[in-house]
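Observations on chain architecture
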Amino acid sequence: MEQEGEFDVVVVGNGLFGSAAARHLAVLGESVALVGPGEPADALTHDGVFASHYDEGRLTRRFDRRPSWAPVTRRAVDGYRALEEESGIDFHHPVGALISGPAGDLTADTDENPIPILLERGIDHTLYEPGDRSWRDAYPQIDLPTDYYVIHEPAPAGHINPRRLIAAQNLVAESNGAMIVRELVTEVVDDGSGARITTESGRRIGAEKVLVAAGAFTNFNGLVLEPLPLTIETEVVAFGRVSPHEAARLASTPTVSYSIDDPVIDSIYMVPPVLYPDGDHYIKLGANTTSDLFPETLPEIQDWFRTGDSDFALPSFESALTSLWPTTEFLGFESGRCILCRTPSGDPMIRKVEERVFVATAGNGGGAKSSDTWGELAAGLVHDGRWPADVVRLDG
Ligand SMILES: Cc1cc2nc3c(=O)[nH]c(=O)nc-3n(C[C@H](O)[C@H](O)[C@H](O)COP(=O)(O)OP(=O)(O)OC[C@H]3O[C@@H](n4cnc5c(N)ncnc54)[C@H](O)[C@@H]3O)c2cc1C
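Below, the structure is looked at part by part. (Residues numbered from 1 in each chain as written. Predicted model: local features only at pLDDT ≥ 70, side-chain atom pairs only at ≥ 80, totals over all residues. Heavy atoms only, no water.)

Some points on the site of the ligand
- Near the ligand there are 37 residues, and of these F17, S52, H53, L59 and C338 occur at the shortest range.
- The contact in question runs from an oxygen atom of the ligand to an N or O atom on the backbone of L16, over 3.3 Å.
- Taking L59, its main chain carries an N or O atom lying 2.7 Å from an oxygen atom of the ligand.
- A total of 1,000 Å² of accessible area belongs to the ligand in isolation, and the protein chains cover 97% of it. (Near = heavy atom within 4 Å. Polar contact = N/O pair within 3.5 Å; in protein donor to acceptor, adjacent residues only side chain to side chain. Areas by Shrake-Rupley, 256 points an atom, 1.4 Å probe, with all protein chains shown as cover.)

In structure tokens form, the structure reads like this:
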């Protein structure tokens, strides 16, 4: 098979990190091929990779517990408008965010707690003490336990649509000359004088450098020589279906993240109603569950996406949804499956792994909101080894 083209950089993986990196590389003047498959048409019969971005809603806000992420998140959020304008694709819903929990979770004097962090970083917010229910004057559709603190972070906090964010990144990358190939990569080779990738159909694409941004699938399909220390964790989500009328009425509700006292689920986050590709509107909840799995092989991950038991937590999710939205009429509930990719440090892994091969992966459960900047950092590293002085060096 003939080798096609000779690009400056091939980016493997058209997910949140890869699409951002490809755009930034193209804007820096690199010739770029971005290679990654589209979404599976039918998860049950799909034999390839899956991803963490097959959804319509991801929480975003400037508050982040991890100090090393703070400048990254802020830079990404501050850049949404420009990307929307340049691409003509809207993906950001700046409806604000509520963060809530009992005193110990929010106020204890540690580096990780929201109240000290919000104050220290000068992030605009309003704090409501336990028992102060005046936040409900603005949001009577939502309820939270009376003895919880409630913090409101205003716009630009809210939610983003990961599918539309990737579409925006792709459009701007293409308008800066990038080529997009919708195929699975089955091999990455650095042969000492150059790099190349091979796709599922046998296409070979040559490049000066390769950036692997394959999320939870980075250690599979011959993308890296040695397995990287990545942990894969299953994630269960639940969807509460509402009528178009309810969705329109409730669409400007802030996102909510809160602790819950439940034997099965913990640390809930909620995205208010958005339209899904099936034509219905859903309110989404996600949470850690007591039965989260840690698959280690590609077949184990594929089994999870095809037939994993995500319904076991549905009664807990239903109860959480109806308590959170006491006056909303739900038309049905269903569960969904997703996957998270984590590193030992809790930070994304952005590093050189061979002379010509780089990796950018592991959002550790919260990489969507700041993906544009994680991609920008990876692009800078690949382009000329640069890393901004104000961002802690992160490599997982
Ligand atoms: C249910 C759920 C809820 C979340 N909620 C939030 C949230 O509210 N806020 C937030 O900030 N973050 C959230 N996240 C995290 C966020 O979605 C991830 O951090 C982010 O998607 C990571 O981006 P990524 O590019 O590393 O991986 P992905 O987005 O998964 O992209 C990886 C890409 O690589 C491709 N790929 C894999 N293997 C190959 C191969 N061999 N060849 C070519 N391409 C390949 C895949 O097709 C995919 O497109 C959530 C994640 C989940 C699962």
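There is more to say after this.
Digging into the pattern of salt bridges
- Scanning all chains against the criterion turns up 21 salt bridges.
- With a shortest N-O distance of 2.6 Å, E233 and R342 are connected by a salt bridge. One end of the pair, E233, is in strand 13 (residues 231-242); the other, R342, is in strand 17 (residues 332-342), and 109 residues separate them in sequence.
- The class of R342 is partly exposed, set by a relative accessible area of 26%.
- Put simply, D303 and R306 hold a salt bridge, and the shortest N to O gap is 3.6 Å. Separated by three residues within a single helix, D303 and R306 lie in helix 8 (residues 298-307), roughly one turn from each other.
- For D303, a relative accessible area of 42% translates into the label partly exposed. (Salt bridge = Lys/Arg side-chain N within 4 Å of Asp/Glu carboxyl O. Helix = DSSP H or I, 4+ residues; strand = E, 2+ residues; numbered from the N terminus. Buried < 20%, exposed > 50% of the residue type's maximum accessible area, 1.4 Å probe, protein only.)

Here's the deal with the state of the cysteines
- A complete count under the given rule lists zero disulfides for this structure.
- Here C341 is not disulfide-linked; the sulfur of C338 is the nearest cysteine sulfur, at 12 Å.
- The buried category is assigned to C341, whose relative accessible area is 6%. (Disulfide = S-S within 2.5 Å.)

Section: the packing of helix 1 (residues 16-27) against helix 6 (residues 162-175)
- It is the contact of helix 1 with helix 6, at a shortest axis distance of 8 Å, that shows an interaxial angle of 20°. The pairing of helix 1 with helix 6 is recorded here as roughly parallel in orientation. As for the relative orientation of helix 1 and helix 6, their crossing is left-handed in sense. Of helix 6, the residues touching helix 1 (which contributes L16, S19, A20, A22, R23 and A26) are P162, L165, I166, Q169, N170, V172 and A173.
- Residues of the contact of helix 1 with helix 6, tallied by class, amount to nine nonpolar, three polar and one charged. (Axes fitted to C-alpha atoms, helices over the stretch in contact; angles between N-to-C directions. Parallel < 35°, antiparallel > 145°, perpendicular 65-115°, else oblique. Left-handed = near helix turned anticlockwise from the far one by under 90°. Contact = heavy atoms within 4.5 Å. Nonpolar A, V, L, I, M, F, W, Y, C, P; charged D, E, K, R; others polar.)

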